[in-house]
Amino acid sequence: MPPTPSPCMGAPLTAADANEAIRQFVRARRGRSWTAEDRTEYARLLEIWTHAVQRTVAEAV
């Protein structure tokens, strides 16, 4: 499975898009142990989601 594109490769993801990317990533790894690379990618996706949520909150203020 190719890595999820970073947010700097085009428009930033919305929180919903980032959440869906995390869901797909986890679903694709169901039933197997995660590698160090998997954990690194998951952490990266969580960071993207966090930034997207922060943007959403900042825009709402």
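Please refer to the structure placed before this passage.
Only a predicted model underlies this, so the values are computations on that prediction, with no experimental measurement involved. (Residues numbered from 1 in each chain as written. Predicted model: local features only at pLDDT ≥ 70, side-chain atom pairs only at ≥ 80, totals over all residues. Heavy atoms only, no water.)

Caption draft 1: Layout of the nonpolar core. Membership of the largest hydrophobic core is limited to six residues, which are A18, A21, I22, F25, L45 and I48. Every element with two or more residues in this core is listed here: helix 1 (15–28) and helix 2 (36–60). The element best represented in this core is helix 1, accounting for four residues. In this structure A18 touches L13, I48 and W49, once residues within four positions along its chain are discounted. (Core = buried A, V, L, I, M, F, W, Y, C linked by side-chain atoms within 4.5 Å. Buried < 20%, exposed > 50% of the residue type's maximum accessible area, 1.4 Å probe, protein only. Helix = DSSP H or I, 4+ residues; strand = E, 2+ residues; numbered from the N terminus. Contact = heavy atoms within 4.5 Å.)

Caption draft 2: Main features of the side chain of D38. Note that D38 resides in helix 2. With residues near it in sequence (within four places) discarded, D38 still touches F25, R29, R32 and S33.

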